[in-house]
Amino acid sequence: QVHLVESGGGLVQPGGSLRLSCAASKSIFSINNIGWYSQAPGKQRALVSAFTSGGSTNYADSVKGRFTISRDNAKNTVYLQMNSLKPEDTAVYYCYARYWGSGYWGQGTQVTVSS
């Protein structure tokens, strides 16, 4: 099993920045895919950004150029730097990992973009 703990959410004004963190209970070297999803009220959970098993990164079109995913292997932590935030980025952000064929979710962290 993989335990994921997110942090870093909060309330920010439009145009502001936040950095989310996802701490994994296992070495992220051993995790096939790890990344971030978001779920806005009344909408389905959707991919924001992730590392693939081949080491590349994916981004949703809506966040390209604004969000950056990164990792610190020594800390078993994945980050999501979110810049130029918009009200439509408001959602609960979840960390997701795929490990030995099973998927694992964190508890989520709320991001609210509002003036």
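These numbers were taken from a predicted model, which means no experiment stands behind them.

1. A look at unusual backbone geometry
Phi at Asn 76 takes a positive value of approximately 50°, unusual for a residue other than glycine. Along the polypeptide, Asn 76 turns up in the loop between β7 (67-72) and β8 (77-82). A positive phi angle is found at Trp 100, which is not glycine, with a value near 50°. One can find Trp 100 in the loop between β9 (91-99) and β10 (102-105). Judged by its relative accessible area of 72%, Trp 100 falls in the exposed class.

2. As for the state of the cysteines
Inspection of every chain in the model, using the stated rule, returns one disulfide. Two residues share a disulfide in this structure: Cys 22 and Cys 95, whose sulfurs sit 2.0 Å from each other. Where Cys 22 bonds to Cys 95 through sulfur, the torsion about that S-S bond is close to -80°, and the disulfide is left-handed. Note that Cys 22 is positioned in strand β3 (residues 18-24) and Cys 95 in strand β9, a separation of 73 residues in sequence. Across the pair, exposure class does not vary: Cys 22 and Cys 95 are buried alike.

3. Concerning the pattern of salt bridges
One side chain can pair with another of opposite charge once the charged atoms of both are near each other. Evaluation of the coordinates by the stated rule reveals two salt bridges. As a salt-bridge pair, Lys 64 and Asp 61 come within 3.1 Å of each other at their nearest N and O atoms. Relative accessible area serves as the criterion here: at 65%, Asp 61 is assigned to the exposed category. Residues Arg 66 and Asp 89 are paired through a salt bridge, measuring 2.8 Å at the closest nitrogen-oxygen approach. Of the two residues, Arg 66 sits in the loop between β6 (57-59) and β7 while Asp 89 sits in the loop between β8 and β9, which places them 23 residues apart along the sequence. Pair check on accessibility: Arg 66 and Asp 89 agree, each one buried.

4. Here's the deal with the confidence of the model for the protein chain
It should be kept in mind that the predicted coordinates are not to be read in detail where pLDDT is low. Looking at the protein chain as a whole, its pLDDT mean stands at 95, while 100% of the residues score no less than 70. The secondary-structure element of the protein chain with the lowest mean pLDDT is β10, recorded at 94, while strand β11 (residues 109-113) shows the highest, at 98.

5. Points about the side chain of Thr 109
Mapped onto the secondary structure, Thr 109 falls in strand β11. Once you skip the residues sitting within four places of it in the chain, Thr 109 turns out to touch Glu 6, Ser 7, Gly 8, Gly 9, Leu 20, Ala 91, Val 92 and Tyr 93.

What counts, and where the lines are drawn
Residues numbered from 1 in each chain as written. Predicted model: local features only at pLDDT ≥ 70, side-chain atom pairs only at ≥ 80, totals over all residues. Heavy atoms only, no water. Helix = DSSP H or I, 4+ residues; strand = E, 2+ residues; numbered from the N terminus. Buried < 20%, exposed > 50% of the residue type's maximum accessible area, 1.4 Å probe, protein only. Disulfide = S-S within 2.5 Å. Salt bridge = Lys/Arg side-chain N within 4 Å of Asp/Glu carboxyl O. pLDDT = per-residue confidence, 0-100. Contact = heavy atoms within 4.5 Å.

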